[in-house]
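# Survey of secondary and tertiary structure
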Amino acid sequence: MSGIVYLVGSGPGGLGLLTFRAREVIDAAEVILYDQLPGEEILASLPASAEKINCGKFGGAHTLTQDEIESLMVDRAKKGYRVVRLKGGDSFVFGRGGEEMEVLREHNITVEVVPGITSAVAVPECVGIPVTHRTWASQVTFLTGHEDPTKEESAIDWKWLAGSPGTIVILMGVKNLPVITGSLIEHGMAGTKPVAIIERGFRPDQRVTTGTLADITKKAEESGVKPPAIIVIGEVVSLYRDGSEGAWSRDTGSR
């Protein structure tokens, strides 16, 4: 009898933002394929009885290829196991969850998606930056800063993006920050546009670097900004106040 695969988003960090359903399926799992983004607190809570397979990335190096990850899920599910594919944030927001769902369906394997709180919204929130605001932003655009490297050209319409109102939230964009800022300025966005980079949201070493589109790359280099980080571009960044990130109680997962 075929098993089942749960595609689980663990939220932006810590047990406090893990959903009840995610906790249920993790605790009942027989096999867990996990990334690093769920964080040490969640990874330390995985059941001892489950087979745990590290699928994380370290400094750009893949522990397993995507094909290998998908093959493992298919193999364990066909052997009748309850399998959890555990990712940070929400697995369908630039997390390749959609690709994995397609593969599992092709093999007639039952799939349940367990949504997670996406870091694209939650991480800016936790430092006092709303991605929408009645005065400053009536729309928000999410994009990846790390497209599929096999693409012949970018799928991002930089001209449209540079002229669009509202907030831009970029995931996985630290490495390509100079390209991102340069493309937006080249296509007409003002260099004075406020920018914030929030590193390691909801973790004890969380840090915020602010600047403008014109100087944020230099500031990020000087500060040694490293992934994982969320980049926010737009007038809502002006609502950030230095020290506001301390409002989050990381021990209890509550304000």
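Structure: see above.
As the structure is a computational prediction, the values presented were derived from the model and not from experiment. (Residues numbered from 1 in each chain as written. Predicted model: local features only at pLDDT ≥ 70, side-chain atom pairs only at ≥ 80, totals over all residues. Heavy atoms only, no water.)

## Some points on the sheet that holds strand E6 (residues 82–87)
With parallel pairing, five strands are arranged side by side in an open sheet as E3-E2-E6-E1-E7. With one partner strand each, in any of the chains shown, strand E3 (51–54) and strand E7 (110–114) form the two edges of the open sheet. With strand direction ignored, the average angle separating the axes of adjacent strands in the sheet is 20°. In the packing of helix H1 (residues 20–28) onto the sheet, contacts are made with strand E1 (4–9), strand E2 (31–34), E6 and E7, and the angle to E1 comes to roughly 135°. Against the sheet, helix H3 (residues 66–78) engages E1, E2, E3 and E6, with an angle of about 155° to E6. (Pairing = 2+ DSSP bridges. Helix = DSSP H or I, 4+ residues; strand = E, 2+ residues; numbered from the N terminus. Axes fitted to C-alpha atoms, helices over the stretch in contact; angles between N-to-C directions. Contact = heavy atoms within 4.5 Å.)

## Remarks on the nonpolar core
Of all hydrophobic cores here, the largest spans 21 residues; its most connected members are Leu-184, Ile-197 and Ile-233. Looking at this core, the elements that each hand over two or more residues are helix H6 (158–163), strand E9 (167–171), helix H7 (177–186), strand E10 (194–199), helix H8 (216–223) and strand E12 (229–233). Among the nonpolar cores identified, the runner-up in size contains 20 residues, and Val-123, Ile-129, Val-131 and Phe-202 belong to it. (Core = buried A, V, L, I, M, F, W, Y, C linked by side-chain atoms within 4.5 Å. Buried < 20%, exposed > 50% of the residue type's maximum accessible area, 1.4 Å probe, protein only.)

## Thoughts on the pairing of E10
Across the six residues of E10, six count as buried, placing the element largely inside the fold. Of the two faces of E10, the one holding Pro-194, Ala-196 and Ile-198 and the one holding Val-195, Ile-197 and Glu-199 are both buried throughout. Note: E10 against strand E11 (residues 207–212), six bridges, orientation antiparallel. Looking at the pairing, Ile-197 lines up with Thr-209 of E11. Across five bridges, the pairing between E10 and E12 is antiparallel. Each residue of the ladder has a partner; that of Glu-199, found in E12, is Ala-229.

## As for a nonpolar patch on the surface
A surface patch of nonpolar side chains, about 260 Å² in accessible area, is lined by Phe-94, Phe-142 and Met-172. Inspection of the secondary structure puts Phe-94 in the loop between E6 and helix H4 (97–106). (Patch = residues over 30% accessible without salt bridge, like charges linked within 9 Å, V, L, I, M, F, W, Y side chains within 5 Å. Areas by Shrake-Rupley, 256 points an atom, 1.4 Å probe, with all protein chains shown as cover. Salt bridge = Lys/Arg side-chain N within 4 Å of Asp/Glu carboxyl O.)

## Comments concerning unusual backbone geometry
Cis geometry marks the peptide bond from Pro-227 to Pro-228; its omega dihedral reads 0°. Here Pro-228 shows up in the loop between H8 and E12. You will see that Asn-108, though not glycine, has its phi angle at about 60°, which is positive. On the secondary structure map, Asn-108 appears in the loop between H4 and E7. With a relative accessible area of 69%, Asn-108 lands in the exposed category.

## Brief notes about the pattern of salt bridges
For the coordinates displayed, the defined rule picks out 16 salt bridges. Residue Asp-75 pairs with Arg-76 through a salt bridge whose shortest N-O separation is 2.6 Å. A salt bridge links Lys-87 to Glu-100, with the nearest nitrogen and oxygen atoms 3.2 Å apart. Of the two residues, Lys-87 sits in strand E6 while Glu-100 sits in helix H4, which places them 13 residues apart along the sequence. Exposure class is identical for Lys-87 and Glu-100. Each is buried. Connected via shared salt-bridge partners are Asp-35, Arg-85, Lys-87 and Glu-100.

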